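A closer look at the structure
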Amino acid sequence: MSQPPILVQKNVSLQAFNTFGIAARAHEMLVFQSADAVQSAVTQGLLRDRAHFVLGGGSNIVLTADVRQLVLKVEISGMSLVSETDKHWIVQVGAGVNWHDFVCWTVANGWPGLENLALIPGVCGAAPVQNIGAYGVELQDRFHALDAVDLETGRAFTLQAAQCGFGYRDSVFKHEPAHAGAMGLKGRALITQVRFALPKQWRAELGYLDLQKQVSATGITEPDAQQVLDWVVSIRRAKLPDPALIGNAGSFFKNPTVSEEQCADIIGREPNLVHYPLADGRIKLAAGWLIDACGWRGKQIGLAGVYEKQALVLVNRGTTAQSVTGGEVMTLAKAIQTSVFERFGLMLEPEPEVI
Ligand code: EPU
C-alpha cells in the first residue's frame, strides 16, 4: 500500500503561521493533510525521540525563539453532516479548517448553536484544546466527540466530551501526561477531526451584556442564528483587533476567580471592580478591567503594545519586516502581572502557550 504524503519542510518561517506575526523559524516542519499521514509518520519513526509541538492556526502561541522542536502542522480539511438524532445534528470538521469558516457554514446550512463563537481566530483542531468560549457559550456546550492520533503509538482513538476534561480555557490536551494525578495528553495526542452536536430545539443565547445591547438597539427580541452571528461579528470587530491587520493572540490572560471574601476585600478598596458571581459561589473578575485600572491600556514596551480598546489583548506594534519579538511580548506581560499583583494581590495567568 502506498504511504500517504507527508510534506517535510526545513528552516521555514513561522511568521505567517502565528497570529502575533512574530518572525521565528522552525528547523523542521511536517505538514499533514490526513489522519493516515499522521499515523504513517509515527509508525515510520519520524517523531521518535524528538520533541515536537502541534501547530494549528497559531492563534494562541507566543514564539520566543526559533523552534528547535519538530513542528507538526495540521491541514486536514472537510466539513460534513455525519448523522442526526431526535435532538441534534452531528456535524464533523477537519482539524485544519478555519474555525470561523466552519461556524458560518453550520449556520448557513440551518444547523445553529455555534454563532456566539463566531470570528474566534484559529482552526477547528485547536478549539477543543482551549475549550474556546465567548458571549455565554463554550465549545464544551456543543461538543460531541473528537478523533485523534496517539503520537507515541500511531494508534487512532476517539474521545467523548467527558474524557476531554473541559474547564475554563482548559482541557486534557493542555496538561502533561499524569499531571496532578489526572490524565494529561499534552504532546501525546494530535486532534484530526472534531464533531459537534448542534441542537434542533435551538434558542438564541443572549445573556451576555454586549448582546443585550444589540437587542435593545435593534428591537429584535427573537433573532435567528444568522442575526446573532452578525451581532457577534460586529461586537468583536469593534473591540478586538483583526490579526490580519494587527498581530495578536486574543485575550492574553485568563479572567481570574476569587472567593467572595477576597472579592469583598478588593471592592472595599476598589469600588468599581467588575465582577461576576459564578454558579459555584466563586467570583470571576475581568482581567481586562484590572489591567486597565493599572493604566496599561494603549501602553507599549518595545514593539509589544496593550490594545487601546481592550487591555486584555497584547498586540504587535511592529511590521512584517521588523516584528515584535516573543521576548518583548513576555517582558510586557510580566510587567502587567507585577502591577496587577501589587495593586490587587492577584497573579494573572497567561492564556497562550509560550514556546
Ligand atoms: N474592561 C475594561 N477595560 C478594558 C477591557 C475590559 O474596563 O480594557 C471591562 C469591560 O468593560 C467589561 C469587562 O472588563 O466590563 C469584561 O470585558 P469583555 O466583555 O471585553 O470580556 P473579557 O472578559 O475581557 C472574555 C473572553 C474573550 C471573549 C469575551 C466575550 C477570556 C480570557 N476572554 O473577555 O475571549 O471574547 O469574554 O465573551 O475569558 C479569548 O479568549 O481570546 C477571548 C477574546
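As the structure is a computational prediction, the values presented were derived from the model and not from experiment. (Residues numbered from 1 in each chain as written. Predicted model: local features only at pLDDT ≥ 70, side-chain atom pairs only at ≥ 80, totals over all residues. Heavy atoms only, no water.)

Brief notes about the sheet that holds strand E19 (residues 313-316)
- In space, the four strands of this open sheet follow the order E13-E19-E18-E17, with antiparallel pairing throughout. Of all strands in the sheet, those bounded by a partner on one side alone are strand E13 (248-251) and strand E17 (300-301).
- On the sheet, helix H8 (residues 326-344) packs against E17, strand E18 (304-306) and E19 and is oriented at approximately 40° with respect to E18. (Pairing = 2+ DSSP bridges. Helix = DSSP H or I, 4+ residues; strand = E, 2+ residues; numbered from the N terminus. Contact = heavy atoms within 4.5 Å. Axes fitted to C-alpha atoms, helices over the stretch in contact; angles between N-to-C directions.)

Quick notes on helix H2 (residues 99-108)
- Buried residues of H2: Trp99, His100, Phe102, Val103, Thr106 and Val107, and no others. The arc enclosing the buried residues of H2, seen along the axis, measures out at 160°, which places them on a common side.
- Looking at the packing, one finds that the buried side of H2 touches strand E6 (79-84), strand E7 (88-94), helix H3 (127-130), strand E12 (189-199) and helix H5 (225-239).
- Its side-chain oxygen 3.0 Å from the backbone nitrogen of His100, Asn98 forms the N-cap of H2. (Buried < 20%, exposed > 50% of the residue type's maximum accessible area, 1.4 Å probe, protein only. Arc of directions from axis to C-beta. Polar contact = N/O pair within 3.5 Å; in protein donor to acceptor, adjacent residues only side chain to side chain.)

A short note on the pairing of strand E5 (residues 70-74)
- Summarising burial for E5: five of the five residues are buried, a large majority.
- Because side chains alternate across E5, one face comprises the buried residues Leu70, Leu72 and Val74, and the other comprises Val71 and Lys73, equally buried.
- As defined by bridge partners, strand E2 (residues 25-32) adjoins E5 across four bridges and the pair is classed as parallel. Residue pairing across strands places Leu30 opposite Leu72, the latter belonging to E5.
- Two elements, strand E3 (residues 52-55) and E5, share four bridges in a ladder whose sense is parallel. In the strand pairing of E5, His52 is matched with Leu70.

Some points on the sheet that holds strand E10 (residues 143-150)
- Reading across the sheet, the five strands line up as E6-E7-E12-E10-E11 and stay open at both edges, with antiparallel pairing between neighbours. Looking at which strands have only one partner, the edges of the open sheet turn out to be E6 and strand E11 (156-160). Neighbour to neighbour, the strand axes of the sheet diverge by 25° on average, direction disregarded.
- Bridging between E6 and E7 involves five bridges; their strand directions are antiparallel. Among the inter-strand pairings, Glu84 is bridged to a residue of E7, identified as Trp89.

Details of the site of the ligand
- Taken together, 23 residues sit near the ligand, with Tyr135, Tyr168, Tyr208, Asp292 and Ala311 positioned nearest.
- Here an oxygen atom of the ligand and a side-chain polar atom of Glu351 are 3.2 Å apart.
- Bound to the protein, the ligand loses 82% of the 840 Å² it would expose on its own.
- When the residues that make up the shell around the ligand are grouped by side-chain class, the tally is 11 nonpolar, six polar and six charged.
- Residue-level mapping places the shell around the ligand at the junction of two domains, with at least three residues from each of domain 2 (79-199) and domain 3 (248-354). (Near = heavy atom within 4 Å. Areas by Shrake-Rupley, 256 points an atom, 1.4 Å probe, with all protein chains shown as cover. Nonpolar A, V, L, I, M, F, W, Y, C, P; charged D, E, K, R; others polar. Domains from an automatic or database assignment.)

Regarding the domain arrangement of the protein
- Each domain of the protein was delimited in the assignment, giving domain 1 (9-74), domain 2 (79-199) and domain 3 (248-354).
- Taking only C-alpha atoms into account, the centre of domain 2 sits 27 Å from that of domain 3.
- Listed as interface residues are five residues of domain 2 and, on the opposing side, four residues of domain 3.
- The contact between domain 2 and domain 3 buries some 450 Å² in all, and 37% of this surface belongs to carbon and sulfur atoms.
- Applying the counting criterion to the domain 2 and domain 3 interface returns two salt bridges.
- The partner of Lys186 in a salt bridge is Glu353, and the shortest N-O contact between them spans 4.0 Å.
- Applying the counting rule to domain 2 against domain 3 returns two residue pairs in polar contact (both at pLDDT 80 or more).
- Here the residues of the side of domain 2 that touches domain 3 are counted per class, giving one nonpolar, one polar and three charged. (Buried area = accessible area lost by both parts, 1.4 Å probe. Salt bridge = Lys/Arg side-chain N within 4 Å of Asp/Glu carboxyl O.)

What to know about a nonpolar patch on the surface
- There is a patch of nonpolar side chains on the surface, built from Tyr208, Leu209 and Tyr276 and spanning about 310 Å² of accessible area.
- On the secondary structure map, Leu209 appears in helix H4 (residues 209-218).
- Under the relative-accessibility criterion, Leu209 is labelled exposed at 57%. (Patch = residues over 30% accessible without salt bridge, like charges linked within 9 Å, V, L, I, M, F, W, Y side chains within 5 Å.)

Observations regarding unusual backbone geometry
- With a phi close to 45°, Asn131 is a non-glycine residue in the positive phi region.
- Locating Asn131 in the fold gives a position in the loop between H3 and strand E8 (133-134).

What to know about the packing of H2 against H5
- Two elements in contact, H2 and H5, have axes whose closest approach is 10 Å; the angle formed by their N-to-C orientations is 155°. Relative to H5, H2 is oriented roughly antiparallel. The interaxial crossing formed by H2 with H5 has left-handed handedness. Where H2 abuts H5, its residues His100, Val103, Cys104 and Val107 lie against Ala225, Gln226, Leu229 and Val233.
- Along the lines of polarity and charge, the residues of the contact of H2 with H5 split into six nonpolar, two polar and no charged. (Parallel < 35°, antiparallel > 145°, perpendicular 65-115°, else oblique. Left-handed = near helix turned anticlockwise from the far one by under 90°.)

Some words on the packing of aromatic side chains
- One pass over the full model with this rule turns up 10 aromatic pairs.
- Where Phe143 meets Phe196, the ring centres are 6.5 Å apart and the plane angle is 85°; that geometry is what we call edge-to-face. Taken together, the positions of Phe143 in strand E10 and Phe196 in strand E12 put the pair 53 residues apart, joining distant regions of the chain. Taken as a pair, Phe143 and Phe196 share a single burial class, namely buried.
- Aromatic ring contacts, followed pair by pair, group Trp99, Phe102, Trp105, Trp111, Phe143, Phe166 and Phe196 into a single cluster.
- In this structure, Lys200 packs its charged tip against the face of Trp89, placed 5.4 Å from the ring centre. (Phe/Tyr/Trp six-rings, centres within 6.5 Å; stacked < 30°, edge-to-face > 60°. Lys NZ or Arg CZ within 6 Å of the ring centre and 35° of its normal.)

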